[in-house]
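# Remarks on the overall topology
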Amino acid sequence: MQEQSNANLFDAASLGAIELNNRIIMAPMTRSRAIGNLPNDLVSTYYEQRASAGLIITEGVAPSPNGLGYARIPGIFNAAQTAAWSKVAVNIHKAGGKAFVQLMHTGRVSHPANMPEGTVVLAPSAIRSADNIWTDTQGMQPLPVPKAMSLDDIKETIEEFARAAENAIVAGFDGIELHGANGYLLEQFLNPHVNQRDDAYGGSIEARASFVLEAVKAVANRIGAQKVGIRLSPYNQYNDMPAYESTYATYDYLSRELQQLGIAYIHLIDYAARSSEEGLKLIDTIRANFTNTLILNGGYTIERATEALKTGQADLISFGAPFIANPNLPHKLRTGAPLATADTNLFFTAGAEGYVDYPAN
Ligand SMILES: Cc1cc2nc3c(=O)[nH]c(=O)nc-3n(C[C@H](O)[C@H](O)[C@H](O)COP(=O)(O)O)c2cc1C
């Protein structure tokens with residue numbers, strides 16, 4: 001049984017070592033405005049407009065050139081990118097907000113046409129996703145067969161996560177979130193249909209989880225566990241991730257290990273889990289296994305979010321799409337103002353339209 005709580009969405013909360021003004025978190029959202037993989041003034045304005053969130057979690061940001069699988073996504077692996085992100089961090093803080101960078105390595109969900117010279121599409125095994133992907137130069141393309149990562153690739157990629165996390169802190173961010181959800185590289189290691197390795201990184205639950213846990217450890221050692229969160233999406237099938245029998249056991253194990261590592265939070269996308277009894281039980285199990293902050297996400301309304309805090313199911317709730325068309329979402333939720341709906345055709349387009357032109361109130 002979870003404990004009842006009097007917490008309210010508009011109350012302050014602590015997260016790791018920082019204080020948040022409220023419990024309404026802006027979920028990470030790729031918006032594809034980072035021409036040349038650099039966040040520009042438009043990106044800075046977009047986040048500044050949304051700084052009334054208790055915490056902004058940025059769009060997925062690549063920790064390495066190999067992780068730049070989509071068109072116009074930003075990186076944080078070199079000095080120019082780190083400097084560009086530092087302007088964003090300063091502006092969010094000036095506006096009273098807090099922010100974590102989401103480190104997203106796209107793994108096999110990557111197309112060479114989107115990636116710089118000399119990069120490789122990497123994955124745990126040479127198993128392609130059956131999906132197609134957008135490229136600016138060739139339109140929609142089938143995803144390629146990735147290269148199965150060698151042990152050296154694994155070592156280097158983990159080090160890239162650690163360096164990118166360090167860059168995020170140098171840039172002035174409050175922490176980083178590892179993107180372990182939605183079928184990108186970290187989740188590719190967890191799923192036994194996508195990870196068919198027969199070495200220390202594949203096979204048993206412990207082996208499949210080891211890449212994720214080593215990445216968490218490396219990042220936590222570099223910047224401090226209190227500045228690290230991870231996003232997970234058990235039962236996710238997006239990005240051609242087939243269902244598997246040991247999902248419950250995998251995330252039960254993973255959440256117990258994450259507890260040992262003492263990171264600040266788990267950010268759980270719970271909508272796929274909520275479609276089965278076993279998944280519902282898993283949400284409670286993760287809550288019980290992991291005693292630091294739990295953020296829940298996936299189609300939350302103010303009513304569901306309030307209920308989840310009251311029943312102690314979560315400490316914080318993140319909102320994705322509602323933040324796109326409602327930059328000052330906390331104010332709207334507090335006053336009960338009607339929410340505007342975002343234009344989905346402009347989610348991933350390059351310009352200002354559908355990005356920084358939604359009115360604040
Ligand atoms: C335009 C768009 C881009 C997204 N990009 C990311 C991303 O980069 N990283 C991530 O973890 N989730 C991403 N998501 C998923 C959201 O963070 C969130 O999980 C999802 O929208 C469900 O929450 P909601 O119902 O409050 O919108 C994206 C969602 C949208 C709508």
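Below: a short report on this structure. Owing to the predicted nature of the structure, the values given are computational and were not obtained by experimental measurement.

A few words on the packing of helix 3 (residues 151-170) against helix 5 (residues 205-223). Their axes nearest at 9 Å, the elements helix 3 and helix 5 cross at an angle of 35°. As for how helix 3 packs across helix 5, the hand of that crossing is right-handed. Where helix 3 abuts helix 5, its residues I154, T157, I158, E159, F161, A162, R163, A165, E166 and I169 lie against F211, E214, A215, A218, V219, R222 and I223. Here the residues of the contact of helix 3 with helix 5 are counted per class, giving 11 nonpolar, 1 polar and 5 charged.

Turning our attention to the packing of aromatic side chains. With the rule as written, the count across this model stands at 7 aromatic pairs. Between W85 and F173, the ring centres sit 5.9 Å apart and the planes meet at 70°, which makes this aromatic pair edge-to-face. Linking W85 in helix 2 (residues 79-94) with F173 in the loop between helix 3 and strand 10 (175-180), this pair joins segments that are 88 residues apart in sequence. Exposure remark for W85: the relative accessible area of 0% places this residue in the buried category. Ring geometry for F347 versus F348: centroids 6.1 Å apart, planes at 85°, classification edge-to-face. The ring of Y300 is capped by R304, whose NZ or CZ atom sits 3.9 Å from the centre of that ring.

So, on to the sheet that holds strand 13 (residues 293-297). The 8 strands are arranged 3-4-5-10-11-12-13-14 in a closed barrel whose pairing can be described as parallel. The average undirected angle you get between the axes of adjacent strands in this sheet is 25°. The pairing of strand 3 (residues 24-26) with strand 4 (residues 55-61) spans 2 bridges and is classified as parallel. Residue M26 lies in a different strand from strand 4, and its bridge partner there is I56. Sheet strands in contact with helix 6 (residues 247-261) are strand 11 (228-232) and strand 12 (265-269), and its direction is about 175° off that of strand 11.

Time to look at the site of the ligand. Around the ligand sit 19 residues, and of these P28, T30, R231, N297 and G299 come closest. At 3.0 Å from an oxygen atom of the ligand is found a side-chain nitrogen or oxygen belonging to H179. A distance of 2.8 Å separates an oxygen atom of the ligand from a polar atom in the backbone of A321. When isolated, the ligand has an accessible area of 610 Å², and the protein chains bury 86% of it. Each residue belonging to the shell around the ligand can be placed in one class, and the counts come to 9 nonpolar, 9 polar and 1 charged.

The subject of this paragraph is unusual backbone geometry. Despite not being glycine, N37 has its phi angle at roughly 65°, a positive value. Residues other than glycine seldom take positive phi values, yet Y235 does so here, at roughly 75°. By the element assignment, Y235 lies in the loop between strand 11 and helix 6.

Turning our attention to the pairing of strand 12. For strand 12, the tally of buried residues reaches 5 of 5 residues, placing the bulk of the element in the interior. Residue alternation in strand 12 divides its side chains into two sets, Y265, H267 and I269 and I266 and L268, and both sets are buried. Bridge analysis of strand 11 against strand 12 gives 4 bridges, and the strand direction is parallel. Considered in strand 12, the bridge of I230 is made with I266. Of the strand pairs in this sheet, strand 12 and strand 13 are connected by 5 bridges, and their pairing is parallel. Bridge pairing links L268 to L296 in strand 13.

Before going further, it helps to examine the packing of helix 6 against helix 7 (residues 277-289). One way to put it is that helix 6 packs onto helix 7 with a least axis distance of 9 Å and a crossing angle of 15°. Taken together, helix 6 and helix 7 sit at an angle that is classed as roughly parallel. Read as a crossing pair, helix 6 and helix 7 show a hand that is right-handed. The residues of helix 7 that touch helix 6, namely those facing Y248, Y251, D252, S255, R256 and Q259, are E278, K281, L282, T285, I286 and N289. Grouping the constituent residues of the contact of helix 6 with helix 7 by class yields 4 nonpolar, 4 polar and 4 charged.

Thresholds applied
Residues numbered from 1 in each chain as written. Predicted model: local features only at pLDDT ≥ 70, side-chain atom pairs only at ≥ 80, totals over all residues. Heavy atoms only, no water. Axes fitted to C-alpha atoms, helices over the stretch in contact; angles between N-to-C directions. Helix = DSSP H or I, 4+ residues; strand = E, 2+ residues; numbered from the N terminus. Left-handed = near helix turned anticlockwise from the far one by under 90°. Contact = heavy atoms within 4.5 Å. Nonpolar A, V, L, I, M, F, W, Y, C, P; charged D, E, K, R; others polar. Phe/Tyr/Trp six-rings, centres within 6.5 Å; stacked < 30°, edge-to-face > 60°. Buried < 20%, exposed > 50% of the residue type's maximum accessible area, 1.4 Å probe, protein only. Lys NZ or Arg CZ within 6 Å of the ring centre and 35° of its normal. Pairing = 2+ DSSP bridges. Near = heavy atom within 4 Å. Polar contact = N/O pair within 3.5 Å; in protein donor to acceptor, adjacent residues only side chain to side chain. Areas by Shrake-Rupley, 256 points an atom, 1.4 Å probe, with all protein chains shown as cover. Parallel < 35°, antiparallel > 145°, perpendicular 65-115°, else oblique.

The analysis is restricted to geometry; functional conclusions fall outside its scope.
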